[in-house]
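# Descriptive structure summary
Here are the chains, one letter per residue:
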Amino acid sequence: MTTNPFGRVLTAMVTPMGPDGAVDGAGLDAVVEHLLSTGHDGLLVNGTTGEASTLSDEESIGAVARVVAQVAGRASVLAGVGSNDTAHAVAMARRAAEVGADSLLLVSPYYNKPTQAGLVAHCHAVADATDLPVMLYDIPGRTATPFGVDTLVALAEHPRIVAVKDAKGDLAASTAVMARTDLLWFSGEDALNLPLLAIGAVGVVSVVGHVAGAQYRAMVEAVDRGDLDEARRLHRGLVPVVDALMTTSQGAIMAKAALVELGVIEHASVRLPLVESPPEHLELLRAALATLPTPKDA
């Protein structure tokens, strides 16, 4: 059985910014402390929700270094290093390792639409660049390039490719890979967290975890002990907040708005082409936050 170096309840952290668009370091620290206090044992920096696509390399590596320092060993730090340029992804992987990341998240190359053979070569190049464990990120809705079942089975043979963040929404394909490999499986789609946990996922890499970390920790633990009634209660109770964060507008936009509502960060600023939530979206968000279910043992 593969040892899990990532944790089980992770959130893809937002990158707080001031009204001028500059990264807010104190805001990053505050988000770290908020997540660590709400059931997280892993944090993802520079994921989609962290607006990695609009951060400079220096901002990205600076965010990883700051989160590593703030976490101070209290949780694992997973650094997103994906790019549609393999050489760039390799360079970012090495720099993330240098500043103390515990593991790497590697999304499939976007826009280029490589073949599956090219996808394997890309992942091998990045995995060979450091000694860190790698979690693959399968989200074809954003990248246009899914990881095929046979591709994941082949990639599982690499000693450092040990996990998948699954945001593909294909439970049959997920089951097929789990049946043929020891890859650690993580739900990357909050609406499917419980179904994926039920078929063998070991944890979640969430966006809604910004506001529901305790609930997702309780859900993971309920599945572990076979208490599916409690897991279903939490799953169903989280529907309004999942909808508010993930379908009202866009995850990074709404997660920042939610953290402002909770008093964790000062500004909900995002970088173009993202724009902040209008008042009607904030009203839906506030209503949803008021419905968060309480874990049974809280």
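From a predicted model like this one, the values you see are computed outputs, not experimental measurements. (Residues numbered from 1 in each chain as written. Predicted model: local features only at pLDDT ≥ 70, side-chain atom pairs only at ≥ 80, totals over all residues. Heavy atoms only, no water.)

### Some remarks on the overall build of the protein
Along its length, the protein carries 13 helices and eight strands. Compactness check: the protein gives a C-alpha radius of gyration of 18 Å against a globular reference of 19 Å for 298 residues, within 12% of the reference. Taken over the C-alpha atoms alone, the protein extends approximately 45 × 45 × 35 Å along its principal axes. Per-residue burial for the protein yields a buried fraction of 55% across its 298 residues. Partitioning the contacts of the protein with sequence separation of at least 6, the portion at a separation of at least 24 is 71%. Total accessible area on the protein stands at roughly 11800 Å², and carbon and sulfur atoms take up 54% of it. Considering the protein, the positive charge centre built from 20 side chains and the negative charge centre built from 34 side chains are found 3 Å apart. (Helix = DSSP H or I, 4+ residues; strand = E, 2+ residues; numbered from the N terminus. Rg over C-alpha atoms; globule rule 2.2 N^0.38 Å. Buried < 20%, exposed > 50% of the residue type's maximum accessible area, 1.4 Å probe, protein only. Contact = heavy atoms within 4.5 Å. Areas by Shrake-Rupley, 256 points an atom, 1.4 Å probe, with all protein chains shown as cover. Lys, Arg positive; Asp, Glu negative; His and termini not counted. Charge placed at Lys NZ, Arg CZ, Asp CG, Glu CD.)

### Digging into helix H2 (residues 57-71)
Over its 15 residues, H2 extends 21 Å from the first C-alpha to the last, a length consistent with the 21 Å expected when each residue adds 1.5 Å. Along H2, the residues classified as buried are Ser60, Ile61, Ala63, Val64, Val67 and Val71. Projected down its long axis, H2 shows its buried positions confined to an angular sector of 150°, all on one face. Seen from the buried face of H2, the exposed residues on the opposite side, beyond 90 degrees, are Glu58 and Ala69. Packed against the buried residues of H2 are helix H1 (25-36), strand S2 (42-45), strand S3 (76-80) and helix H3 (86-98). Looking one or two residues beyond H2, the residue adopting positive phi is Ala72, at roughly 50°. (Expected span 1.5 Å × (residues − 1). Arc of directions from axis to C-beta.)

### Looking at the packing of aromatic side chains
Across all of its chains, the model carries one aromatic pair by this definition. Ring geometry for Phe6 and Phe186: centres 5.8 Å apart, planes at 80°, overall edge-to-face. A residue pair is termed long-range when its members are at least 10 positions apart, and Phe6 in the segment before strand S1 (9-12) and Phe186 in strand S7 (residues 184-187) qualify at 180 residues. There is no split in this pair, since Phe6 and Phe186 are both buried. Lying across the ring of Tyr137, Lys165 places its NZ or CZ 4.0 Å from the centre. (Phe/Tyr/Trp six-rings, centres within 6.5 Å; stacked < 30°, edge-to-face > 60°. Lys NZ or Arg CZ within 6 Å of the ring centre and 35° of its normal.)

### Observations regarding the pattern of salt bridges
This structure, assessed with the given rule, holds 15 salt bridges. The residue Asp227 makes a salt bridge to Arg225 at a minimum N-O spacing of 3.5 Å. Measuring nitrogen to oxygen at the nearest pair gives 2.6 Å for the salt bridge that ties Asp227 to Lys296. Separated by 69 residues along the polypeptide, Asp227 in the loop between helix H9 (209-224) and helix H10 (228-237) and Lys296 in the segment after helix H13 (279-289) bring together distant segments of the chain. For Asp227, a relative accessible area of 16% puts it in the buried group. Members of the salt-bridge network, linked through shared partners, are Arg225, Asp227 and Lys296. (Salt bridge = Lys/Arg side-chain N within 4 Å of Asp/Glu carboxyl O.)

### Side note on unusual backbone geometry
In this model, Leu272 is joined to Pro273 through a cis peptide bond whose omega is 15°. By the secondary structure assignment, Pro273 is in the loop between helix H12 (251-261) and H13. Phi at Glu51 is positive, roughly 55°, even though this residue is not glycine. Of note, Glu51 is situated in the loop between S2 and H2. Taking relative accessible area as the criterion, Glu51 reaches 4% and is therefore assigned buried. Positive phi is not limited to glycine here, since Lys113 has a value of about 55°. Lys113 sits in the exposed class, given a relative accessible area of 59%.

### Focus: the packing of H9 against H10
Contact geometry for H9 and H10: axes closest at 8 Å, N-to-C directions at 155°. The orientation of H9 with respect to H10, classified from their angle, is roughly antiparallel. Read as a crossing pair, H9 and H10 show a hand that is left-handed. Side by side, H9 and H10 meet where Gln215, Ala218, Met219, Ala222 and Val223 of the first sit next to Leu228, Glu230, Ala231, Leu234 and His235 of the second. (Axes fitted to C-alpha atoms, helices over the stretch in contact; angles between N-to-C directions. Parallel < 35°, antiparallel > 145°, perpendicular 65-115°, else oblique. Left-handed = near helix turned anticlockwise from the far one by under 90°.)

### Describing the UniProt feature "active site" (unreviewed entry) in the protein
With numbering matched to this structure, UniProt assigns "active site" (unreviewed entry) to Tyr137 and Lys165. The largest pairwise C-alpha distance within this set of annotated residues, which runs over 29 residues, is 4.7 Å, so the set is compact in three dimensions. Considering the arrangement of structural elements, one finds Tyr137 in strand S5 (residues 134-138). Dropping the residues within four chain positions of it, Tyr137 is found in contact with Thr48, Leu105, Leu106, Val107, Ser108, Phe147, Lys165 and Ala167. Mapped onto the elements, Lys165 comes out in strand S6 (residues 161-166). (UniProt positions renumbered as here; feature names shortened; annotations may be inferred.)

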